[in-house]
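# Geometric and topological summary
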Amino acid sequence: MSDKIRSVDPATIEMLEKVGDMSTMFSRAEEMKPCTFGSEGSCCRVCGMGPCRLGGKSKEGREKTGVCGATIHTVAARNLARAVAAGASAHSDHGRSVAMTFLAAAKGEAPGYGIKDEAKLMTVAGYFGVQTEGKTVQEIAVAVGEAALGQYGKQEGTPMAYVHRATEKRQQIWEDLEVYPRGFDREVVQLMHQTHAGVDQDAEHILMSSVRCAMADGWGGSMMATDLQDIMFGTPKPLRSEANLGILKQKDVNIILHGHEPLLSEKIVDIATDPEMIEYAKSKGAEGITLGGICCTGNEVLMRRGVGPAGNVLQQELAIATGVVDAMIVDVQCVFQGIVEASKKYHTKVITTNERAKITGAEHIQFEEHNAIETAKTIVKAAIDNFANRKGEVFIPDHKKPMIAGYSHEYIKYMLGGKFRASFRPLNDAIISGRIQGAVAIVGCNNPRTTHDDSHRFLVEELIKRDILVVMTGCAAQGAAKAGYMTPETMEMAGPGLKEICETIGIAPVLHLGSCVDNSRVLTVLTEVVREGGLGEDISDLPAVGIAPEWYSEKALTIALYCVASGADVIFGGVQAPYRGSSEMMRLTTEGFKEKFGATFEFLPTKEEILEATLNKIQAKRKALGIDTQKERVLFDMDMRRELNV
Amino acid sequence: MSKIIATLAIRGAHETVNLAEQKIKEAVDAKGPNEAVAFPNTGYFLPVIYGLTGEKIEKVSDMERVLKIAKDLLPEEPSQDLWLPYLGNTLDAGIATLFGAEMIMALRYIGIGEPPVNDLYLGAADDVIMRARGVEFVDGSAPGFAAVVGAAPTTEQAVALARELQQKSLYTFMAGSTNGICMADQLAEAGVELGWDTRLVPFDPHVYGQIYSIGFATRAAMSFGGVQPGDYERILRYNKNRVFAFVVALGEVDPIKYAAAAGAINYGFPTIADTDIPQILPTGVCTYEHVVSNVPVENIIQKSIEVRGLKIKIDKIPIPVAYGAAFEGERIRKDDLFAEFGGSKSEAFELLRMRDMDEVEDNKIELVGIDLKDMQEKKAYPLAILVDVAGRKMQKDFEPILERQIHHLINGAEGVMHVSQRDVVWMRVGKKAVDKGFKLTDIGKILHTKIMNEFPAIVDKVQVTLITDNDKVHELIEVARKEYHERDERVGGLTDDNVDTFYSCTLCQSFAPTHVCIITPQRLGLCGAYNWLDGKASYEINPTGPNQPILKGETLDAENGEWSGINEFLSGASNGAVPRLYAYSMMQNPMTSCGCFEAIVAHLPLMDEETGMIYSGFMIVNRDYAGGTPFGMGFSTMAGLVGGGMQNPGMAGIGKYFLGSPKFLSADGGFARVVWMPSELKEQLRGILEAQAERSGDPDLLDKIADETNAMTMDEVLAFIKPKNHPVLSMDMLG
């Protein structure tokens, strides 16, 4: 073990002590040094003439190029492009599964699924231009499902439907830069084509094509996934839960839901809370059934059902090591092969369920949307039946914290004005008055190459102290929840202005917005804040920053690109830019993006630097908006009232 | 902190909705589910419920539906720890409280609970009051209202509070008590004149009576803003941005008061309290703070105005009595009378004349004859008020406009009553005013200050001469009469044909955003307040203001009253929604209407069952008339069909005096088509209507027009006019 502090999360620290020399992501990260060339993006392995390792100069003093002559800039851009295509594919293929299930449900071919939020269906129908008048809910749902799926194979060359949800100004920027996405599959395929050997060999052009592909996710697949999930499973509203491994119960059957999709896990929640199944668990000697989430499947069932997050991505092996997890049900993304090895020491059944993701050594039970309830029953039963097989030393760290989750953008609007006066006005007012200095989205993953949860906690504490509202998604959100920061009582840690707002609304200064596809909710909130008025004309005018301080996945890179393209400054921490071998790419993503999109994509090595940069950006935006100083109160006479919109 | 407010407001909402449920049960048991329930004389049912949900409550059983809506809105109280967000919930609880309160108060009108009206308390405002008073909110003469809940610590403080509100021209709506005493009780005890006329309105001793304030505001949005019932977003936004109201909470605030305040916050009406309750200072639902507390009673109105974001201009007039629009409605009765002038008891007149600059000495106020202190109590004296004005942009045409201001300008002084104008003027000065040192020269000060302030663009100098000398008045009254006559001749000579410019009027666009009036010499604005000369003067006074000159352009159709310039202007101003206007027709391309019209003309097709003939009659109903009409609905309901800035053939809002114009719907057949109007309107306008009848060639026409005493259905109208050979019987059918 090195000197590096592995985690600041007490449950993780205790579990790592318990597992001793068992192989975990933490130990393997220490054993496996990252490849220098790969980590800088200067290794090209797109053809059989290489792989070529670039960087540095040749003996003759020339910049090294690949065998084909590709410069380090082309290579770094290509590597980023392929990562972005993969990241976008992950989110948006998730969105596709959701759309397919949605359509099947609309057609009545997926028993157990239906429409829970009709109002949102009508809103979404509007986005797709689906006529609603004189149609039944089912007819509208079918049309919406078809339109959503249609976004994947769209060939016309016109913008994807959701692009029009952005501000006018932003849409114009996208049009001018030709980065509006035309169809999801097309953007991914084209990007893969462009990055084949001997095709696109202009770093800037490759980068902008990557942006377009990311846009197809952010303003396409991801956003649709969020919307359709909300319609099917209910739009989240605040609920109470608890976070960390301490939620597991020794005497219960414990089932962990891990991965990213709510399609199956929603049904598992239905079945596991069914009295019949609880009786069955009791018949097998358990006291009940406890569900816990990990990663974004965990966030999905947290947001809508209140299932407690047992941990974030780095805790998946450790959950198994408690010895009380009777089944870990996994679907897609961030499910690491290491869990199968870990499960061998204990009794945990790892059950893969998605056609896209099988793991050698795990049991596979295929999830079919038309047979979801039966699949869920089979899986829950398998977990219960495994209760009797527990072996190995049981240890549940006594750490869990209460939390509030469930902030959809719809609810945020509601909570600011109730059913009759719902609007973002109070939030805008709070920012303009300086009670809230700005908003920061802390999102993304954990990475064993940085101290687990450390940056998340640090940034939350330091930002709210300075009157900056924090919204969170993904594993970052779980990290803050485990620290107890997602309780309204946390307002005591906030600065006086933010605290006053929290008191007025009854919220914590740190809001859980959901899973990583729900970063689309952040885009929607920012757009609505702009539309509400008083804070500029575009997202790039807002005192708002996105931070992924412990990122690891390709999806994070995709999110970063669509956020920057939307006008939000993005800062990544921990592991540095995977294209830093190219000075040109570093310039294009900072100065270049600033010029094009009014926002930058930066990597900063320490949490302190991230904090400082964030604060500077927010203050600069406030100054540009002219809200850095208090304005005199405007009193309205009759003529001025006539100017007000009614 | 806000959580305490949320907790108590939500508790109060539950109490209110539970009480409403109990009262509805009582009503069902006592009266049956089909018992009709309504506030008196309104076309808006229970207006808050109707406005926010579109639900029409007509009978007791209708309340069950709204009770369910209210219950669905009721949230749980926030928990001690790990609470869920409560602001949205609290605001919803506020709405539930309003629904509950409105049903509770409506049921009192059918005998469930306390009687809603007594010697002191007025109960719900009917539509006649709402329209008459609502117009003051439209034109800005009432900048807003204070909903006062509870009682001031002392009676003296209550009186001071009321006077301050009056001086600022704000309406005071009182409902809700502290320890069983309401501010209205305190004012009554001190002998302050209460009622709509003095803008001190006692609704009810219970805080639920504030539902009448909210109902007033809700109706204003529907009536003047053209907002459709059920469009809650616009109703509330309209109130936030137009109706500058606020809640003044005096004394202890209990859960029900908190709940009602939460309801008011939805409307953008903040609460300002004199007790030490928690505050909600962040802004956004209201324009500024939501709850501000611990404000001493002495400062509470000033603070309230600031919190609501209201700018009120008060002219400091150096006179010894209070001054403000709220005093205009004051009556001086015999007991309070010190001296009076005119009103057929003595000779009196007032005359405003344009003079050359060097003929007027600014701020010279002269009294010829004795002043009040030398007069005997309760006696009548002669009086002349001569106002001489000069200004580089003053015109002879503006004389009558400025002269007409004298009435309300003098009336604004506390303890002075002024009625009518010219040589039929009647003025009374009360004892209290004289006790405070009021002199006749103070009238000069009022006129000088106000005319200079309100008409700076056309008036540079004002000089006032007051005469109480009998001989002088007698001599000058003849001069004045000659002036009046010349003036009338001059104005009477103005026709649509002999001017090349009309005026637009968007004065009420603050309240009715889509409507534009076209004012011609022969068709005054539909609010009745602005004629062509007013438009002209207003443009001079404020060239970028609500009245803009429009060149008529080419006459496209003289009979219908269509001009190219007017069409172009309207088309642009309405974004193409109103491409053509026939100024003289109601049946084709008619003028649009806001909500401020004085009267409605409606096409009343009368079918003769025997012959199968259909006659196209017109009926008129004026705003002050509270009863039904042969159209099958009263003014309020009809107003809902007319307003909203849309062209609506077959109905039109008009100024009453348009009935006397030769151009009154002349393209449709004119006044000869009128078959029904309320008797009071006929009497009020008898002089000009007789001239109109004469002009139409049927001098007895007025007697052939039915009214509410003889015809309340179309059949009855026909039965009334047929034997009288009404001219409509020989006219073509329309449309």
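Residues numbered from 1 in each chain as written. Chains lettered and ligands numbered in written order. Predicted model: local features only at pLDDT ≥ 70, side-chain atom pairs only at ≥ 80, totals over all residues.

Once that is clear, we can look at the interface of chain A and chain B. Across the contact, 38 residues belong to chain A and 42 residues belong to chain B. Put simply, the parts of the chain that give the side of chain A that touches chain B at least two residues each are strand E10 (401-405), helix H16 (409-415), helix H17 (418-421), helix H18 (425-433), helix H21 (496-505) and helix H26 (638-643) of chain A. Here the side of chain A that touches chain B is built from residues that sort into 19 nonpolar, seven polar and twelve charged. (Contact = placed C-beta atoms within 7 Å. Helix = DSSP H or I, 4+ residues; strand = E, 2+ residues; numbered from the N terminus. Nonpolar A, V, L, I, M, F, W, Y, C, P; charged D, E, K, R; others polar.)

Moving on to the UniProt feature "binding site: [4Fe-4S] cluster 2" (unreviewed entry) in chain A. All names here are of chain A. With numbering matched to this structure, UniProt assigns "binding site: [4Fe-4S] cluster 2" (unreviewed entry) to Cys44, Cys47, Cys52 and Cys68. Judged by maximum C-alpha separation, these annotated positions cover 25 residues in sequence but sit close together in space, the widest gap being only 10.6 Å. Here Cys47 falls in the partly exposed class, since 15 other C-beta atoms lie within 10 Å of it. Within the secondary structure, Cys68 is located in the loop between strand E2 (52-53) and helix H4 (72-106). (UniProt positions renumbered as here; feature names shortened; annotations may be inferred. Buried ≥ 20, exposed ≤ 12 C-beta atoms within 10 Å, placed from the backbone.)

Glancing now at the UniProt feature "binding site: [4Fe-4S] cluster 1" (unreviewed entry) in chain A. All names here are of chain A. Per the UniProt annotation, the sites labelled "binding site: [4Fe-4S] cluster 1" (unreviewed entry) are Cys35 and Cys43. Tracing the backbone through its elements, the reader meets Cys35 in the loop between helix H2 (25-31) and helix H3 (36-40). Taking the number of C-beta atoms within 10 Å as the measure of exposure, Cys35 has 10 and is therefore exposed. With respect to the helices and strands, the residue Cys43 is situated in strand E1 (residues 43-44). Given 21 C-beta atoms within 10 Å, Cys43 falls into the buried group.

For the rest of this paragraph, the subject is the domain arrangement of chain A. Residue and element names in this part refer to chain A. Domain assignment breaks chain A into domain 1 (10-53), domain 2 (72-233), domain 3 (245-389) and domain 4 (404-625). Computed from C-alpha atoms alone, the centre-to-centre distance between domain 1 and domain 2 is 32 Å. Considered class by class, the residues forming the side of domain 1 that touches domain 2 number three nonpolar, two polar and no charged. (Domains from an automatic or database assignment.)

We now examine the sheet that holds strand E23 (residues 614-622) of chain B. Residue and element names in this part refer to chain B. Taken together, the four strands give an open sheet; going across it, the order is E24-E22-E23-E25, and neighbouring strands pair in mixed fashion. Of all strands in the sheet, those bounded by a partner on one side alone are strand E24 (651-654) and strand E25 (674-676). In this sheet, neighbouring strand axes are inclined to one another by 40 degrees on average, regardless of whether the strands run parallel or antiparallel. Both E23 and E25 contribute to a ladder of two bridges, which runs parallel. Bridge pairing links Met619 to Trp676 in E25. Packed on one face of the sheet, helix H18 (residues 635-642) meets strand E22 (599-607), E23 and E24 and runs near 95 degrees to E22. Its contacts with the sheet place helix H22 (residues 714-721) against E22, E23 and E25, and it is angled at close to 80 degrees to E22. (Pairing = 2+ DSSP bridges. Axes fitted to C-alpha atoms, helices over the stretch in contact; angles between N-to-C directions.)

Attention now moves to the sheet that holds strand E11 (residues 365-368) of chain B. Residues and elements named next belong to chain B. With mixed pairing, four strands are arranged side by side in an open sheet as E10-E13-E16-E11. A strand with exactly one partner marks an edge of an open sheet, and here the two such strands are strand E10 (348-354) and E11. The mean inter-strand angle of the sheet, taken between neighbouring strand axes irrespective of direction, is 15 degrees. Strand direction decides the pairing type here: E11 and strand E16 (residues 461-467), joined by four bridges, are parallel. Residue pairing across strands places Ile365 opposite Val464, the latter belonging to E16. Packed onto the sheet, helix H14 (residues 441-454) meets E11, strand E13 (383-390) and E16 and runs at close to 160 degrees relative to E16. Across the face of the sheet, helix H15 (residues 470-492) comes into contact with E10, E11, E13 and E16 while running at roughly 55 degrees to E10.

Right, let's talk about the packing of helix H4 (residues 87-108) of chain B against helix H10 (residues 255-266) of chain B for a bit. Residues and elements named next belong to chain B. With their axes 7 Å apart at the nearest point, H4 and H10 run at an angle of 105 degrees to one another. Between H4 and H10, the angle is such that the two are roughly perpendicular. Note on element contacts: H10 touches H4 through Ala259, Ala260, Ala262, Gly263, Ile265 and Asn266, opposite Thr90, Leu91, Ala93, Gly94, Ile95, Thr97, Leu98 and Ala101. Split into classes, the residues belonging to the contact of H4 with H10 amount to nine nonpolar, five polar and no charged. (Parallel < 35°, antiparallel > 145°, perpendicular 65-115°, else oblique.)

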